[in-house]
Amino acid sequence: MRRPSTFEAIVFQAAFGSYLLWAAGSAIPLIRIDFGISRTLASMHSISVGIGAVLGAHLAVSLVKKISREKIMRLSIPIMSLGILGLTLGPSMWITVPGCGLAAFSQSLVNSLSLSQISLDAKPSLRRIYIQSGIQACLGASAIFFISISLNAELGWRLPILLGVLILAPLTMIIVWKVKFLVSASTKTSKVESLPNHSSKNYRKVFLAGFLMSFCEMGIGFWAIDLLIDRGAGVALGAFGLALLSLVTGISRIGFASLGHPVKKTMRLVLVLYPIGVVTICLTQSSAITVIGLLIASIAGSALYGVGVFQVSEGFVDPSGKISNFMTGMAASYGVTPLILAIIFDNLGFIAGYLTMPVALFFAYLLWRDLGS
């Protein structure tokens, strides 16, 4: 049997984590319904995710120096599985909230380490970033589809997540165990030495760019189930709509990889499509037209992850450190974006919340424009 390549193993492991974390993210509105709590209180799960993801992204580079990359990648599998089991089986928020954080910590380590390796590939890096993140989104979408089917069959939302742990965790461990991962970026000096030196203040720009891009991308879909239910869709149909958004995100990223557009051209496309999608959402009360607006905005938002990581990896000395910083910003946003939007949605309504997103995109673009070499 052929050994999987390093890139194939990275993609498989990242996809495994995405299946579980995207399912967990879509389950937060469902946990809110189960526990009978407000959106703001349910957002404690997302804050836990944000804390775990920030720690994972921030510690990724230093942990590689102390523990081998192979050990980190292998240990992340049981750690994530344990966290997801806490989320799905926990009888109260005292268990489900820490479970989210533990799973996010593990996946954030995997994402940061894998992106730092992909960034060493020079020209193919943008394509590989899109391919990896696209496959992750497609697997995440499949998890949400299964949740929707399970809800429609009155089997609950937990079953697809539990099956994912029981089936995918052992398979991922078998595949990852066979791989000898690439040497760390710090040993690859030929590429980074030729790049211009940047002051440490750029760390703040990188962090904020990651934060705002994540806000724009995840803000579109995180409370989409609640939005669609508010506009006449049922719980199962709302979950199906979110799954469709996730699938479109994955397909769009793979499409961007195939098109091979320069990052500037891709960003211009984002700046046109994203506001169109948001305006469509805000001008209708129809659940069907709302889905169309969500899909348009999701296609645009799907490109932000790739163009952000690529801009950072190509524009700075020590791309591993800057990628870790960018991922820390995205992780922090992942934790607080649902809470920010929940407060706005609960007090001012969905339209007010969605209108904040094009504003965030504008400032994200200004930062992004200054990050490239």
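Each remark here, short or long, concerns the structure printed above.
Owing to the predicted nature of the structure, the values given are computational and were not obtained by experimental measurement.

Draft legend 1. Local environment of the overall build of the chain. The helix and strand tally for the chain stands at 15 helices and zero strands. Residues classed as buried in the chain amount to 58% of the 373 residues present. For the chain, long-range pairs separated by at least 24 residues make up 85% of all intrachain contacts whose partners lie at least 6 apart in sequence. Total accessible area on the chain is roughly 15,000 Å²; 69% of this is exposed by carbon and sulfur atoms.

Draft legend 2. Representation of empty space enclosed by the protein in the model. Counted by the stated rule, this structure contains three cavities of 30 Å³ or more. Quantified by volume, the largest cavity comes out at close to 830 Å³. What lines the largest cavity is a set of 37 residues, and nearest its centre among them are Trp22, Glu217, Met218, Arg253 and Tyr334. Secondary-structure elements contributing two or more residues to the lining of the largest cavity are helix H1 (6–35), helix H3 (44–66), helix H5 (93–118), helix H6 (125–152), helix H9 (202–221), helix H11 (235–259), helix H13 (287–315) and helix H14 (319–348). Looking at the lining of the largest cavity, its residues break down into 19 nonpolar, 16 polar and two charged. A volume near 40 Å³ is recorded for the second largest cavity.

Draft legend 3. Highlighting the pattern of salt bridges. With the rule as written, the count across this model stands at three salt bridges. Close ionic contact of Arg32 with Asp226 constitutes a salt bridge, the shortest N to O distance being 3.2 Å. Of this pair, Arg32 sits in helix H1 while Asp226 sits in helix H10 (residues 224–230), and the two are 194 residues apart along the sequence. Asp226 shares its class with Arg32; the two are buried. A salt bridge links Glu217 to Arg253; its shortest N-O distance comes to 2.2 Å. Of the two residues, Glu217 sits in helix H9 while Arg253 sits in helix H11, which places them 36 residues apart along the sequence. Both residues of the pair, Glu217 and Arg253, belong to the buried class.

Draft legend 4. The packing of H9 against helix H15 (residues 350–369), seen in detail. Between H9 and H15, the shortest axis-to-axis distance is 9 Å and the interhelical angle comes to 150°. Classified by the interaxial angle, the pair formed by H9 and H15 is roughly antiparallel. In this structure, H9 crosses over H15, and the sense of that crossing is left-handed. Between H9, through Lys205, Leu208, Ala209, Leu212, Met213, Phe215, Cys216, Gly219 and Ile220, and H15, the contact on the second element is made entirely by Tyr354, Thr356, Met357, Ala360, Leu361, Phe363, Ala364, Leu367 and Trp368. In terms of residue class, the contact of H9 with H15 is built from 15 nonpolar, two polar and one charged.

Draft legend 5. Representation of the nonpolar core. By size, the foremost hydrophobic cluster in this structure holds 71 residues, and its most contacted members are Ile220, Tyr274, Leu294, Phe326 and Tyr354. For this core, the element with the most residues is H13, which contributes 12 residues. If near-sequence neighbours (up to four positions away) are discounted, Leu294 is found in contact with Ile220, Ala224, Leu227, Leu228, Leu245, Ile281 and Tyr354. Counting residues in each nonpolar core, the second largest holds 37 residues, with Tyr19, Leu20, Ala24 and Val110 among its members.

Draft legend 6. Looking closely at the packing of aromatic side chains. In total, this model carries six aromatic pairs according to the counting rule given. Centre to centre, the rings of Phe362 and Phe363 are 5.5 Å apart; their planes meet at 75°, and the pair counts as edge-to-face. On the accessibility criterion, Phe362 (47% relative accessible area) is partly exposed. When the centroid spacing of 6.2 Å and the interplanar angle of 25° are considered together, the rings of Tyr365 and Trp368 count as stacked.

Draft legend 7. Molecular detail of H1. In this model, H1 (30 residues) spans 42 Å end to end at C-alpha, consistent with the 44 Å of a helix rising 1.5 Å per residue. For H1, the principal kink sits at Ile28 and spans about 40°; a proline, Pro29, occurs within the next four residues. Looking one or two residues past H1, Gly36 carries a phi angle of roughly 65°, positive in sign.

Draft legend 8. Structural view of unusual backbone geometry. You will see that Glu154, though not glycine, has its phi angle at about 60°, which is positive. The topology assignment puts Glu154 in the loop between H6 and helix H7 (158–177).

Draft legend 9. The packing of helix H4 (residues 69–89) against H7, seen in detail. For the pair H4 and H7, interaxial distance at closest approach is 10 Å and the crossing angle is 175°. Classed by the angle they form, the pair H4 and H7 counts as roughly antiparallel. Along the contact surface, H4 presents Met73, Arg74, Ile77, Pro78, Ser81, Ile84, Leu85, Thr88 and Leu89, while H7 presents Arg158, Ile161, Leu162, Val165, Ala169, Thr172, Met173, Val176 and Trp177. Its residues assigned to classes, the contact of H4 with H7 comprises 13 nonpolar, three polar and two charged.

Conventions we followed
Residues numbered from 1 in each chain as written. Predicted model: local features only at pLDDT ≥ 70, side-chain atom pairs only at ≥ 80, totals over all residues. Heavy atoms only, no water. Helix = DSSP H or I, 4+ residues; strand = E, 2+ residues; numbered from the N terminus. Buried < 20%, exposed > 50% of the residue type's maximum accessible area, 1.4 Å probe, protein only. Contact = heavy atoms within 4.5 Å. Areas by Shrake-Rupley, 256 points an atom, 1.4 Å probe, with all protein chains shown as cover. 1 Å grid on protein atoms, 1.4 Å probe; cavity = no way out; pocket = protein on both sides within 12 Å on 5 of 7 lines; lining within 4 Å. Points joined across faces, edges and corners; volume = space filled by probe spheres on them. Nonpolar A, V, L, I, M, F, W, Y, C, P; charged D, E, K, R; others polar. Salt bridge = Lys/Arg side-chain N within 4 Å of Asp/Glu carboxyl O. Axes fitted to C-alpha atoms, helices over the stretch in contact; angles between N-to-C directions. Parallel < 35°, antiparallel > 145°, perpendicular 65-115°, else oblique. Left-handed = near helix turned anticlockwise from the far one by under 90°. Core = buried A, V, L, I, M, F, W, Y, C linked by side-chain atoms within 4.5 Å. Phe/Tyr/Trp six-rings, centres within 6.5 Å; stacked < 30°, edge-to-face > 60°. Expected span 1.5 Å × (residues − 1). Bend = angle between axes of the 7 residues up to and from the residue.

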